[in-house]
Amino acid sequence: MSLREALAAGEYVITAEVGPPKGTDVKEMLHAAAALKGRVHAVNVTDNQSAVVRLSPVVACHMLLERGLEPVLQLTCRDRNRLALQSELLGAASLGIKNVLALTGDHVKLGDHPTAKPVFDLESVQLLKVIGELNAGRDGAGSELLGPADFFAGAVVTPEANPLEPQMAKFEKKVAAGAKFFQTQAIYDLEKFASFMERARAYQVKILAGILLLKSVGMARYLNKNVAGVFVPEPLIEELKGAADPPAKGLEIAARQIRALAGVCDGVHIMAIGAEEEVPEILDLAGLKN
Amino acid sequence: MIAAELKPFKEINESLLPFERVLVVGCGTCTTVCLTGGERQVELLATALRLARKVEGSSLQTKEATVQRQCEPEFAGVLKEAAGGLDAALSLGCGAGVQLVSDVLAPLPVLPALNTSNIGVAKEHALWEERCAACGDCVLGGTAGICPVARCAKGILNGPCGGTNDGRCEIGDAPCAWTLIYERLEAQGRLDDFKRIAPPKDFAAATGPRKLDLREVADEP
Ligand code: SF4
Ligand code: SF4
């Protein structure tokens, strides 16, 4: 069942993500993908994540597709102008890639080529509009395409952004621009997330809550200090601190959140960052079978 | 106004090594105001360059001239005479000034002493901040008078990116322009302007070489 069908059918949808390698050796990425196969509805493929050069996400999506996984192509506006974005999308569509997550992208200054020219010809909202045009058989300039695309378009939102209102207003624009599903920034405070969901329910979109696997107290503190819109509450940090095996505790916390979120939102997006082979265990702990 | 900062001294000094007699040219408008290219800076820089050359065991002769605006032939024209018998000029004007001086003094080599930084405003004494990127298609009317092109690091048009935190920009030491825009639009009761989806920007309007041609309509000087 495709991601679109699973969400439409009201299943509690699980997505995860893999990052293409910096280099040509795809063994590890495919190993991670193999661990996820059959356990998740779809797998996001990141796009030069954190503005660090990596293998093309379209190519990586194709590799996943060939191995029977359903990819979600993450596409940022940082490295491509509107021609390149459309070209990439048409290429992806022709390969059978159905899902695309429209992102503005981290600034190049945060990555490994900080002196590169940042593009941002479009941003996430405008990219969603262009995807809608391609689906309607036209390009961004209104010219007819030889064969339309059929993308299921998604976007991201930060439910714990500070301040929240500008982000919520942008969320509305993304919905208006054609986003059908959202994968959220990592959330840890389920109460706050529930109040976000109350507002999000006013829109005809599916929401997958971001679950970022905690590995240590240091990581939790780092997130609180450095990552926009991510707040690990103190009790969770205490729980990790008191654990004999913090990584195992992290899995347990993730599983607990996944269980708790069932019924609150439409699914979860698990970001394991290099520990993709642990995802099946998280799902086992959460009581979610194949 | 145009804000420009002094290039590293070493770079300026090295760029002048092939020359022995140099005209050091200040500009009496923007770069005087931003304390990098006025009469006083011309004098200081010329002295420092002569001294550096001496330390290196050779010599440099400098002549100083500051014109009201390097970007207008009317003012820059007088430099022609001042440059007679010299083998290069060093301009402390903005990039536009350097180029007009270069045209006026051709074929004399003209070198830049400043890095032109931005079109900005004086925030407080000795602090200028960028406000306009001369995009050729001004959107300030819908953004509460705060420019997302020049003041958002990504120059995006539909609201804050996900990297903003506590009202700060994802990179660098600056407020998030889109948080400022949202807050001011809200205070003005104009959030509908925020909600409207901005179409892709017309970058043709920002593609050079551009000009402003009012010859048909402007009065004779
Ligand atoms: S929108 Fe363009 S013209 Fe207007 S202030 Fe910004 S950069 Fe300058
Ligand atoms: S944080 Fe704000 S100012 Fe900085 S790039 Fe994002 S939207 Fe632009």
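All figures in this text were calculated on a predicted structure; none of them were measured in a lab.

Student: What am I meant to see in the sheet that holds strand β1 (residues 2-6) of chain B here?
Tutor: Through backbone hydrogen bonds, the strands of a sheet pair up, either in parallel or in antiparallel fashion. All names here are of chain B. Pairing within the open sheet is antiparallel, and its three strands lie in the order β1-β6-β7. Strands with a single pairing partner mark the edges of an open sheet, and in this sheet they are β1 and β7 (127-132). The sheet shows a mean angle of 70 degrees between the axes of neighbouring strands, taken without regard to direction. Of the strand pairs in this sheet, strand β6 (residues 114-124) and β7 are connected by five bridges, and their pairing is antiparallel.

Student: Whenever I open this one, helix α8 (residues 177-187) of chain B confuses me. Can you help?
Tutor: For the α-helix, the turn length of 3.6 residues means that residues three or four positions removed from each other point alike. Residues B:Ala177, B:Trp178, B:Thr179, B:Ile181, B:Tyr182 and B:Leu185 constitute the buried set of α8(B). Buried positions along α8(B) lie against α6 (164-176) of chain A together with α7 (148-151) and α9 (191-195) of chain B. Of the residues flanking the end of α8(B), it is B:Gly189, one or two places downstream, whose phi is positive at about 65 degrees.

Student: Help me understand the pattern of salt bridges, please; the structure alone is not making it clear to me.
Tutor: A side chain of one charge can pair with a side chain of the opposite charge if their charged atoms are brought near each other. Residues and elements named next belong to chain A. Scanning all chains against the criterion turns up 29 salt bridges over all chains. Residues Asp121 and Arg82 are paired through a salt bridge, measuring 2.8 Å at the closest nitrogen-oxygen approach. Remark: Arg82 occurs in helix α4 (residues 82-94) and Asp121 occurs in the loop between β4 (99-103) and α5 (124-135); sequence separation between them is 39 residues. Among the residues examined, Asp121 registers a relative accessible area of 11% and is labelled buried. Lys249 is the salt-bridge partner of Glu252, the closest N and O atoms lying 3.3 Å from each other. Taken together, the residues Glu252 and Lys249, both in helix α10 (residues 246-261) and three residues apart, mark about one turn of the helix. Glu252 gets classed as partly exposed once you look at its relative accessible area, which sits at 37%. The class for Lys249 is buried, based on a relative accessible area of 17%.

Student: Teacher, can you tell me more about the interface of chain A and chain B here?
Tutor: One frequently used descriptor of interface size is the decrease in accessible area upon assembly of the parts. Between chain A and chain B, the residue contacts involve 29 residues of the former and 28 residues of the latter. Interface area for chain A against chain B, summed over the two sides, is near 2300 Å², with a carbon-plus-sulfur share of 59%. Area buried by chain A at its contact with chain B is led by A:Gln126, A:Pro166 and A:Lys173, which between them contribute 23% of it. On the surface where chain A and chain B come into contact, there are zero salt bridges. Seen at the junction of chain A and chain B, the total is 14 residue pairs in polar contact (both at pLDDT 80 or more). Listing elements by their share of the side of chain A that touches chain B, those giving two or more residues are α5 and α6 of chain A. Residues that form the side of chain A that touches chain B fall into these classes: 11 nonpolar, eight polar and 10 charged.

Student: Just to check I follow, could you spell out unusual backbone geometry for this structure?
Tutor: Excluding glycine, most residues fall at negative phi; most peptide bonds, likewise, are trans. Put simply, B:Ala106 and B:Pro107 share a cis peptide bond, and its omega is 10 degrees. If you trace the backbone, B:Pro107 turns up in the loop between α6 (95-105) and β5 (110-112). A cis geometry characterises the amide bond from B:Gly208 onward to B:Pro209, with omega recorded as -5 degrees. Examined against the element boundaries, B:Pro209 turns out to sit in the segment after α9. Positive phi, normally seen in glycine, also occurs at A:Ser50, with a value near 60 degrees. As for its placement among the helices and strands, A:Ser50 is situated in the loop between β2 (42-45) and α3 (57-66). Taking the relative accessible area as the measure of exposure, A:Ser50 reaches 36% and is therefore partly exposed. Unlike most non-glycine residues, B:Ala144 shows phi in positive territory, near 60 degrees. Mapped onto the elements of the fold, B:Ala144 is located in the loop between β7 and α7.

Student: Looking at this structure, I do not really get the nonpolar core. What am I missing?
Tutor: For soluble globular proteins, the rule of thumb is that nonpolar side chains tend to be buried together. Counting residues in hydrophobic clusters, the biggest one holds 72 residues, and the most contacted among them are A:Phe171, A:Phe182, A:Phe193, A:Ile207, A:Leu261, A:Val268 and A:Ile270. Not counting chain neighbours up to four residues away, the residues in contact with A:Val268 comprise A:Tyr12, A:Val13, A:Ile14, A:Thr15, A:Leu208, A:Ala209, A:Ile211, A:Ile258 and A:Leu261. Core analysis: the second largest hydrophobic core is formed by 18 residues, B:Val67, B:Ala83, B:Ala89 and B:Val110 among them.

Student: Would you take a moment to explain α4(A) for this structure?
Tutor: All names here are of chain A. When the terminal C-alpha atoms of α4 are compared, their 18 Å separation across 13 residues agrees well with the 18 Å that a helix rising 1.5 Å per residue should span. Listed as buried for α4 are Leu85, Gln86, Leu89 and Ala92. Around the axis of α4, the buried residues are gathered within 125 degrees of arc, so they sit on the same side. Relative to its buried face, α4 has exposed residues pointing more than 90 degrees away, namely Leu83 and Ser94. Those residues of α4 hidden inside the fold are in contact with α3, β3 (71-76), β4 and α5.

About the thresholds
- Residues numbered from 1 in each chain as written.
- Chains lettered and ligands numbered in written order.
- Predicted model: local features only at pLDDT ≥ 70, side-chain atom pairs only at ≥ 80, totals over all residues.
- Heavy atoms only, no water.
- Pairing = 2+ DSSP bridges.
- Helix = DSSP H or I, 4+ residues; strand = E, 2+ residues; numbered from the N terminus.
- Axes fitted to C-alpha atoms, helices over the stretch in contact; angles between N-to-C directions.
- Buried < 20%, exposed > 50% of the residue type's maximum accessible area, 1.4 Å probe, protein only.
- Contact = heavy atoms within 4.5 Å.
- Salt bridge = Lys/Arg side-chain N within 4 Å of Asp/Glu carboxyl O.
- Buried area = accessible area lost by both parts, 1.4 Å probe.
- Polar contact = N/O pair within 3.5 Å; in protein donor to acceptor, adjacent residues only side chain to side chain.
- Nonpolar A, V, L, I, M, F, W, Y, C, P; charged D, E, K, R; others polar.
- Core = buried A, V, L, I, M, F, W, Y, C linked by side-chain atoms within 4.5 Å.
- Expected span 1.5 Å × (residues − 1).
- Arc of directions from axis to C-beta.

Any functional reading would require information that these geometric values do not contain.
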